[in-house]
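# Fold and contact review
Each chain, written out:
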Amino acid sequence: MFTPIIYAVAILVIAAILYGIYKVIWYLWKIFRFKVIMKKISASVERKRGTWDTFFGEKGLVDLIVTLGDKKYEVCVLSFISTHGRWNIEKGYDGYFIESRRASTVFYKVYNHSEQGALAGEYKRESSVSRKMLDITPQSEEYEKQIFLLYPFPKKLTLTDSSYRELYIGDKIDGHEIMNIDVFLELLCMTKNKDK
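Let us look at the structure shown here. This structure is a prediction, so every number in the text was calculated from the model and none was measured.

### Some points on the overall build of the protein
- Secondary structure assignment for the protein yields four helices and eleven strands.
- Out of the 196 residues in the protein, the part that is buried amounts to 40%.
- Sequence separation of 24 or more characterises 61% of the internal contacts of the protein that already satisfy a separation of 6 or more.
- Accessible surface computed for the protein: about 11600 Å², of which carbon and sulfur atoms make up 59%.

So, in structure tokens, the structure goes:
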């Protein structure tokens with residue numbers, strides 16, 4: 001009687017494990033690609049943190065100082081393993097936070113409530129994958145640009161402070177410009193790279 005249910009649960013568990021393994025391998029490949037890309041750029045790259053700290057440590061700290069001619073760029077890499085959902089930067093009274101959220105239509109039926117705002121509806125049908133403090137370095141005239149390099153780039157990026165809005169490449173948060181890897185390489189006069 002319970003045999004079909006046990007089989008169904010077993011299949012779901014195996015599928016979840018296989019997907020988890022796939023995502024870890026995919027993310028490790030992205031990290032490897034990032035290291036290769038940084039070695040190939042013609043500018044001088046000074047690493048301020050190790051690869052592990054860049055991808056798994058505190059968010060918003062300076063990872064790279066890139067010097068190209070007389071111009072210097074401060075680069076903070078923001079990265080999460082989940083990119084199919086929404087990354088939200090939240091400004092609170094005690095500082096900034098960054099959160100990776102993943103949509104779930106399985107456990108929350110998507111329908112509009114006229115009495116609730118768009119943010120509330122979006123938030124309710126998502127689950128948090130990771131939430132971390134976002135340290136933002138002070139604005140400095142020393143650098144041509146201070147950059148938040150999102151790698152790999154998420155499906156959607158939002159900012160929640162006194163209001164809620166979607167962010168795009170080129171937008172700024174406290175003087176730090178949001179970029180993906182393609183725009184970053186174009187800034188350094190590199191050939192356009194398709195690895196996002």
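### Describing the sheet that holds strand β4 (residues 86-92)
- Strands sit in the order β6-β5-β4-β8-β9 across an open sheet of five strands; the sheet is mixed. Of all strands in the sheet, those with a lone pairing partner are β6 (126-134) and β9 (164-166), marking the two edges. Going across the sheet, the axis of each strand differs from the next one's by a mean of 20°, ignoring polarity.
- Taken together, the seven bridges between β4 and strand β5 (residues 95-103) define a ladder with antiparallel strand orientation.

### With respect to the packing of aromatic side chains
- Here the structure, examined in full by the defined rule, presents eight aromatic pairs.
- A centroid spacing of 6.2 Å and a plane angle of 40° characterise the contact between Y19 and Y22, whose relative ring orientation is tilted. One end of the pair, Y19, and the other, Y22, are both in helix α1 (residues 3-40), three residues apart, so they sit about a helical turn from each other.
- Pairing Y27 with F55 gives two aromatic rings, centres 6.2 Å apart and planes at 85°, and the pair type is edge-to-face. Linking Y27 in helix α1 with F55 in helix α2 (residues 51-56), this pair joins segments that are 28 residues apart in sequence.

### A word on α1
- Across its 38 residues, α1 extends 55 Å between first and last C-alpha, which sits within 8% of the 56 Å expected from 1.5 Å per residue.
- Residues of α1 that are buried in the fold lie against β1 (44-47), α2, β2 (64-68), β3 (71-78), β7 (145-150) and α4 (181-187).

### Observations concerning the side chain of S79
- With respect to the secondary-structure elements, S79 resides in the loop between β3 and β4.
- There is a polar contact of 2.7 Å between the side chain of S79 and the backbone oxygen of Y151.
- Beyond its immediate sequence surroundings of up to four residues, S79 is in contact with Y27, F55, K59, W87, Y151 and P152.

### Concerning the pairing of β2
- With four bridges connecting them, β1 and β2 associate as antiparallel partners. Each residue of the ladder has a partner; that of R47, found in β2, is L64.
- Across five bridges, β2 lies against β3 in antiparallel orientation. Residue V66 lies in a different strand from β3, and its bridge partner there is Y73.
- Between β2 and the antiparallel strand that follows it, β3, lie two residues; G69 among them carries a positive phi value of about 65°.

### A look at the sheet that holds β7
- Here six strands make up an open sheet; going across it, the order is β1-β2-β3-β7-β11-β10 and the pairing mixed. A single partner strand is all that each edge strand has here, and the edge strands are β1 and β10 (172-173).
- When β10 meets strand β11 (residues 176-179), the two strands line up antiparallel, connected through two bridges. By the bridge assignment for β11, I173 is matched with H176.

What counts and what doesn't
- Residues numbered from 1 in each chain as written.
- Predicted model: local features only at pLDDT ≥ 70, side-chain atom pairs only at ≥ 80, totals over all residues.
- Heavy atoms only, no water.
- Helix = DSSP H or I, 4+ residues; strand = E, 2+ residues; numbered from the N terminus.
- Buried < 20%, exposed > 50% of the residue type's maximum accessible area, 1.4 Å probe, protein only.
- Contact = heavy atoms within 4.5 Å.
- Areas by Shrake-Rupley, 256 points an atom, 1.4 Å probe, with all protein chains shown as cover.
- Pairing = 2+ DSSP bridges.
- Axes fitted to C-alpha atoms, helices over the stretch in contact; angles between N-to-C directions.
- Phe/Tyr/Trp six-rings, centres within 6.5 Å; stacked < 30°, edge-to-face > 60°.
- Expected span 1.5 Å × (residues − 1).
- Polar contact = N/O pair within 3.5 Å; in protein donor to acceptor, adjacent residues only side chain to side chain.

None of this, on its own, says anything about what the molecule does.
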